[in-house]
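Read off the chains here:
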Amino acid sequence: YTVISLLGVEGEEAEFNEFLNVFLPLKPGEKKIISDTPDLTTLFPEDTSYFSYAGSLTTPPCTEHVNWIIFKDQFTISEEAITFLKKNMPVNNYRNEQPLNGRIVKLIPPF
């Protein structure tokens, strides 16, 4: 598995809010017909530097041998969008920070 992670910082409304409105349900359990294919590259930061390490999934069963890619630059997300995401996420969909246990975290330059 490979997980691509984009870190957000709270601020003014941004393009990410539009992405949420188009591709995610409005309420838990609600269905939405999507006629467009999401272009996930629009979410990538201009500076494509990223951190990479071998880890595990953050949800049970916490499968190991997962390649993590975490973009160094953050994107802006509104407080409203953060609240929306929290309401639409299942309970306990994460786990706390884990020790490195010998893992090597690399900073990869822009591509």
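What you are looking at is a predicted structure, and each value in this text was computed from that prediction instead of being measured. (Residues numbered from 1 in each chain as written. Predicted model: local features only at pLDDT ≥ 70, side-chain atom pairs only at ≥ 80, totals over all residues. Heavy atoms only, no water.)

### Here's the deal with the sheet that holds strand β3 (residues 50-56)
Two modes of strand pairing occur in sheets, parallel and antiparallel, and in both the strands are linked by backbone hydrogen bonds. Pairing within the open sheet is mixed, and its four strands lie in the order β1-β4-β3-β6. Only two strands of the sheet have a single neighbouring strand rather than two, namely β1 (2-5) and β6 (106-108). Averaged over neighbouring strand pairs, the angle between their axes works out to 30° when direction is ignored. Both β3 and strand β4 (residues 64-71) contribute to a ladder of seven bridges, which runs antiparallel. Residue pairing in the sheet places A54 in a bridge with N67 of β4. (Pairing = 2+ DSSP bridges. Helix = DSSP H or I, 4+ residues; strand = E, 2+ residues; numbered from the N terminus. Axes fitted to C-alpha atoms, helices over the stretch in contact; angles between N-to-C directions.)

### A look at the confidence of the model for the protein
Per-chain confidence: the protein averages 83 in pLDDT, with 86% of residues scoring 70 or above. When pLDDT is averaged over each element of the protein, β6 comes out on top at 97 and helix α1 (residues 15-23) at the bottom at 69. (pLDDT = per-residue confidence, 0-100.)

### What about a nonpolar patch on the surface?
Taken together, F51, L100, V105 and L107 make up a surface patch of nonpolar side chains, about 350 Å² in accessible area. In this structure, F51 sits in strand β3. Judged by its relative accessible area of 31%, F51 is partly exposed. (Patch = residues over 30% accessible without salt bridge, like charges linked within 9 Å, V, L, I, M, F, W, Y side chains within 5 Å. Areas by Shrake-Rupley, 256 points an atom, 1.4 Å probe, with all protein chains shown as cover. Salt bridge = Lys/Arg side-chain N within 4 Å of Asp/Glu carboxyl O. Buried < 20%, exposed > 50% of the residue type's maximum accessible area, 1.4 Å probe, protein only.)

### So, helix α2 (residues 79-88)
Where α2 is concerned, the buried positions are A81, F84 and L85. Taken around the axis of α2, the buried residues stretch over an arc of 95°, which confines them to a single face. Away from its buried face by more than 90 degrees, α2 exposes E79, E80, K86 and K87. (Arc of directions from axis to C-beta.)

### Describing the environment of F75
Following the sequence through the fold, F75 ends up in strand β5 (residues 75-77). In this structure the C-alpha to C-alpha distance between F75 and E10, which are 65 residues apart in sequence, comes to 8.6 Å.

### Side note on the packing of aromatic side chains
On inspection of all chains with the given rule, the structure shows three aromatic pairs. With a centroid separation of 6.2 Å and 65° between ring planes, the pair formed by Y50 and F71 is classed as edge-to-face. Of the two residues, Y50 sits in strand β3 while F71 sits in strand β4, which places them 21 residues apart along the sequence. In this structure, Y50 and F71 share a single accessibility class: buried. One aromatic cluster is present, built from ring pairs that chain together F44, Y50 and F71. (Phe/Tyr/Trp six-rings, centres within 6.5 Å; stacked < 30°, edge-to-face > 60°.)

### Looking at the side chain of S49
Note on placement: S49 falls in the loop between α1 and β3. Within the local environment of S49, its side chain forms a polar contact with the side chain of D47, the two groups lying 2.7 Å apart. S49 has contacts with F71, K72, L107, I108, P109 and P110, leaving out every residue within four places of it along the chain. (Polar contact = N/O pair within 3.5 Å; in protein donor to acceptor, adjacent residues only side chain to side chain. Contact = heavy atoms within 4.5 Å.)

### Section: the pairing of β4
In this structure, β1 lies alongside β4, joined through four bridges in parallel fashion. Of the residues in β4, the one forming a bridge with T2 is N67.

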